[in-house]
Amino acid sequence: QEQLVESGGGLVLFGGSLRLSCAASRSIFNIYPMGWYRQAPGKQRELVAAITRSGITNYADSVKGRFTISRNNANNTVFLQMNSLKPEDTAVYFCYAESVVLGIKSGYWGQGTQVTVSS
């Protein structure tokens, strides 16, 4: 059973927009930070954006001003609005969530969704 389910990837033209969504399973409790990472072919996975439970956000320099992360704590979902997309944004995007139960942290990853930006 997948615990983080992503959707919204696809093929888009340079300058276009996409919105990624990630829903956490109800089996995951006390989720604190959530975020999006990406991995391009031949490169390491990198943080794109993260958001705390209280809404504090953090972005990679390469996406500041173009991407917006948001979340809905009521149903444990996180979103990534991506505007002004560039070919260098092409990657597999992974959702991440961290829960803390009885002082123990657990990290969860989604299966990844492909984003391809064509020039």
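Scroll up for the structure.
Thresholds, definitions, all that
Residues numbered from 1 in each chain as written. Predicted model: local features only at pLDDT ≥ 70, side-chain atom pairs only at ≥ 80, totals over all residues. Heavy atoms only, no water. Helix = DSSP H or I, 4+ residues; strand = E, 2+ residues; numbered from the N terminus. Contact = heavy atoms within 4.5 Å. Pairing = 2+ DSSP bridges. Axes fitted to C-alpha atoms, helices over the stretch in contact; angles between N-to-C directions. Core = buried A, V, L, I, M, F, W, Y, C linked by side-chain atoms within 4.5 Å. Buried < 20%, exposed > 50% of the residue type's maximum accessible area, 1.4 Å probe, protein only. Lys, Arg positive; Asp, Glu negative; His and termini not counted. Salt bridge = Lys/Arg side-chain N within 4 Å of Asp/Glu carboxyl O. Polar contact = N/O pair within 3.5 Å; in protein donor to acceptor, adjacent residues only side chain to side chain.

**Student:** How should I be thinking about the environment of S119 in this particular structure?
**Tutor:** Along the chain, S119 falls in the segment after β11 (113-118). For the pair S119 and L13, spaced 106 residues apart in sequence, the C-alpha separation works out to 6.1 Å. Apart from residues lying up to four places away in sequence, S119 is in contact with F14 and P87.

**Student:** Can you walk me through the sheet that holds strand β8 (residues 77-82) in this structure?
**Tutor:** Strands in a sheet are paired, the pairing made by backbone hydrogen bonds, and the direction either parallel or antiparallel. One open sheet accounts for 4 strands, arranged β1-β3-β8-β7; its pairing is antiparallel. The open sheet has two free edges, formed respectively by β1 (4-7) and β7 (67-72), since each of these has just one partner strand. In this sheet, adjacent strand axes meet at a mean angle of 15 degrees when their direction is disregarded.

**Student:** It is not clear to me how the nonpolar core should be interpreted in this structure. Could you clarify?
**Tutor:** Grouped burial of nonpolar side chains is what soluble globular proteins tend to show. Ranked by internal contacts, the top residues of the largest apolar core, which has 30 residues, are W36, L80, M82 and Y93. Elements with a contribution of two residues or more to this core: β3 (18-24), β4 (31-39), β5 (46-51), β7, β8, β9 (91-101) and β11. Those residues in contact with M82 that sit more than four places away from it in its chain are G16, S17, L18, L20, R66, F67, Y93 and V115.

**Student:** Sorry if this is basic, but what is going on with the side chain of E6 here?
**Tutor:** Counting through the fold element by element, E6 comes out in strand β1. Among buried Asp, Glu, Lys and Arg side chains, E6 stands out as unpaired, with R45 the closest opposite charge at 7.8 Å. There is a polar contact of 2.5 Å between the side chain of E6 and the backbone nitrogen of C95. When near neighbours in sequence (up to four residues on either side) are disregarded, E6 contacts S21, C22, W36, Y93, F94, C95, G110, Q111, G112 and T113.

What is shown is where atoms sit, not what they do.
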